[in-house]
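Topology and contacts: notes
Each chain is listed here by its residues.
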Amino acid sequence: MTEVGNSRLSGLIPAGGIRASQCGGNTVGAMLREPSPRTDGYRHVDTPAMIRKLLALGANTYIYGIWDSPTDWDDLRLEFAPAAADAGIDVWVYLVPPSETSRDGGRASRPYVMDYVAWARACAELSVAHPNVKAWGIDDFEFNQETFTTDYVALLRKVAQDINPYLAFYLCTYFHAATDPGFLAKYGPYLDLVLYPFLDGRNLNTIVADSVRPCLDEIRAAVRPWNLDVVLLVYTGRFLDAWNEPTPDYCASAVRAGLEYARAGRIAGVTAYGLQLDDAPTISSTNKAMYGNGRLSLLVPPVRTQEGAYAQASQVVRVDPDAPRHELSFWHNDIFSGLVGGAGKHVKQVLLDREVIWSEDVRHHGFALWQQCSTLHGPIDVTERLRGRTSATLAFRLHQARGGDEIFPVDVGFDHIETLGFTVDNPGFETTDAWTLDSSHGVPVPSIDIFVPDRPQHSFAAVAAEYHAHAGESADI
């Protein structure tokens, strides 16, 4: 049992902690469906294939989302739950809130849709019929508090517990709400767990995994008065609010940190959200490079930034002291919504030995096409700065010239550096070598964004290796 846990849940958490996989909103290939429709016209969940992939992953739990198809609930209760029990896999039911429910016959948690009292009763009855169904919960509570009043949530808990007092009830909530004393005071008395989606604290990215532990520490301290367990949700596939997809290294690092906390009894476990199970290739549109597969990304997520903050990539370049000319050229682009943000906030810069030699506001062009850096006279002439020298420090930077409350997300790219009279290693950012990445305040976030055609398979293998190692097994992918 975890340090902050509820003793009622001793049967919920497997030895060593939860190792889960999970589908969810707008994920790709995280639930497998049969290749052809049945007589009802729907492609049902491919339960045998799902079980095989979960066992290969080393998962002991699957968080089963009910949203994509009207057949999801029947597939769960008639096929998936009993098959998962035979395979030693627990099941958590995952429902969507009103904000993710279609009113016109589209995606919704069917058959009960937004009748969450009926859902509480149905999930509890399912857990009695199939004891491996251990928990039920609802996504994005904090954005749907008009529906989920205190009295309503108390009723949901009572209806379920009158049928099965050992069925856990959880919510999925982000860092800002999971550390908010008011939010936790409102819902904490009626919950057992918090499913926490890790996004580098308040920095909203799936690039930086270093803050998993301090973020978990903050949440554990916040939920302790309410005796709640915590499950770490790691984005291991596409997430709509994160502009750059998680890499296999990121997935492994974040999952590993969560499993270490689970092993120490500090949290209940980890779930890999959106981990692709379908062996499909990487979505081709995620290749944002100009040439090849790599580019430098300097990213501002949809968060507030501080004036003077910056992110950059730098390296010491080799200079030919006797070259007749020293010139620099490169390509750059900006990806942002034209509906938000004004000029004067985000400024692209190139620095040579800490002095700015080129700058441009991201709103200068107003479109996402790759542009070549140039002056009225062509490439940037740095002859006077480099003549007679053998080395210098070159940096590509995104600078926050204005801070404050304005939310202006942007993804700045640099690629295809060309030089005369000096040499830049890895000028196309095709590997992570040569460049040193720095961020002064956490945001902007620097990364070398490399498109990998089979990234989903690498991410699956990375998570599987961590899950099997945690369980003392060898991964057989």
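This text gives an overview of the structure that appears in the document.

About the thresholds
- Residues numbered from 1 in each chain as written.
- Predicted model: local features only at pLDDT ≥ 70, side-chain atom pairs only at ≥ 80, totals over all residues.
- Heavy atoms only, no water.
- Helix = DSSP H or I, 4+ residues; strand = E, 2+ residues; numbered from the N terminus.
- Expected span 1.5 Å × (residues − 1).
- Buried < 20%, exposed > 50% of the residue type's maximum accessible area, 1.4 Å probe, protein only.
- Arc of directions from axis to C-beta.
- Contact = heavy atoms within 4.5 Å.
- Pairing = 2+ DSSP bridges.
- Phe/Tyr/Trp six-rings, centres within 6.5 Å; stacked < 30°, edge-to-face > 60°.
- Lys NZ or Arg CZ within 6 Å of the ring centre and 35° of its normal.
- Axes fitted to C-alpha atoms, helices over the stretch in contact; angles between N-to-C directions.
- Parallel < 35°, antiparallel > 145°, perpendicular 65-115°, else oblique.
- Left-handed = near helix turned anticlockwise from the far one by under 90°.
- Salt bridge = Lys/Arg side-chain N within 4 Å of Asp/Glu carboxyl O.
- Core = buried A, V, L, I, M, F, W, Y, C linked by side-chain atoms within 4.5 Å.

1. Considering helix H4 (residues 150-163)
The end-to-end C-alpha distance of H4 is 21 Å, a good match for the 20 Å that 14 residues give at a rise of 1.5 Å each. Among the residues making up H4, those that are buried are Tyr152, Val153, Leu156, Arg157, Val159 and Ala160. In an axial view of H4, the angular spread of the buried residues amounts to 160°, which keeps them on one side of the axis. Of the residues in H4, the exposed ones pointing more than 90 degrees away from the buried face are Asp151, Lys158 and Asp162. Next to the buried residues of H4 lie helix H3 (116-129), strand S4 (133-138), strand S5 (168-172) and helix H6 (181-187).

2. Remarks on the pairing of strand S8 (residues 269-273)
Residues in a regular strand project their side chains so that they alternate between the two faces of the sheet. Of all five residues that make up S8, five are buried, and the element is covered over most of its length. Judged by which residues are buried, S8 turns out to be covered on both faces: Gly269, Thr271 and Tyr273 on one side and Val270 and Ala272 on the other are all buried. Judged from the five bridges that link them, strand S1 (residues 18-22) and S8 form a sheet pairing that is parallel. Its bridge partner being in S8, Ser21 is matched across the sheet by Ala272. The pairing of strand S7 (residues 229-235) with S8 spans five bridges and is classified as parallel. Among the inter-strand pairings, Leu233 is bridged to a residue of S8, identified as Thr271.

3. Comments concerning the packing of aromatic side chains
One pass over the structure, following the stated rule, counts 24 aromatic pairs. Seen in terms of ring centroids, Phe396 and Trp435 are 5.9 Å apart; in terms of plane orientation they differ by 70°. Their pairing is edge-to-face. Here Trp435 lies in the loop between strand S18 (422-423) and strand S19 (436-439) and Phe396 lies in strand S16 (residues 391-400), a separation of 39 residues in the sequence. For Phe396, a relative accessible area of 0% corresponds to the buried category. Directly above the ring of Trp67 sits Arg107, whose terminal nitrogen or CZ lies 4.4 Å from the centroid. The ring of Tyr310 carries the charged tip of Arg397 above its face, separated from the ring centre by 3.9 Å.

4. Remarks on H3
Helix length check: H3 (14 residues) gives 20 Å between terminal C-alpha atoms against 20 Å at 1.5 Å per residue, within 8%. Where burial is concerned, most of H3 is hidden: ten out of the 14 residues are buried. For H3, the set of buried residues is Tyr116, Val117, Ala118, Trp119, Ala120, Ala122, Cys123, Ala124, Leu126 and Ser127. On its buried side, H3 packs onto helix H2 (72-86), strand S3 (90-95), S4 and H4.

5. Quick notes on the packing of helix H7 (residues 212-223) against helix H8 (residues 248-263)
Where H7 meets H8, the axes come as close as 9 Å, and the angle between the chain directions of the two elements is 45°. Classified by the angle their axes make, H7 and H8 are oblique. The way H7 lies across H8 gives a crossing that is right-handed. Across from Val212, Arg213, Leu216, Asp217 and Arg220 in H7, the residues of H8 making contact are Ala254, Ala257, Gly258, Glu260 and Tyr261.

6. Considerations on the pattern of salt bridges
The full count for this structure, using the stated rule, is 25 salt bridges. When the shortest N-O distance is used, the salt bridge between Asp279 and Lys53 registers 3.3 Å. With a gap of 226 residues between them, Asp279 in the loop between S8 and strand S9 (294-300) and Lys53 in helix H1 (residues 47-57) connect regions that are remote in the sequence. Note that Arg387 and Glu384 form a salt bridge whose closest N and O atoms lie 3.0 Å from each other.

7. Observations concerning the sheet that holds S8
Pairing in this closed barrel of eight strands is parallel, and the strands run S1-S2-S3-S4-S5-S6-S7-S8 around the ring. Neighbouring strand axes in the sheet, compared pairwise and without regard to direction, differ in orientation by 25° on average. Summarising the sheet, S5 and strand S6 (residues 193-197) pair through three bridges and their orientation is parallel. Within S6, the position partnered with Tyr170 by the bridge is Leu193. Along the sheet face, H8 touches S1, S7 and S8 and points at about 170° away from the line of S7.

8. Quick notes on the nonpolar core
Grouped together as the largest cluster of nonpolar side chains are 82 residues, with contacts concentrated most on Leu76, Phe80, Trp136 and Leu156. Contact partners of Leu156, with chain neighbours within four places excluded, come to Tyr116, Val117, Ala120, Trp136, Ile138, Phe148 and Phe169. Grouped together as the second largest cluster of nonpolar side chains are 38 residues, Val303, Ala313, Leu328 and Trp358 included.

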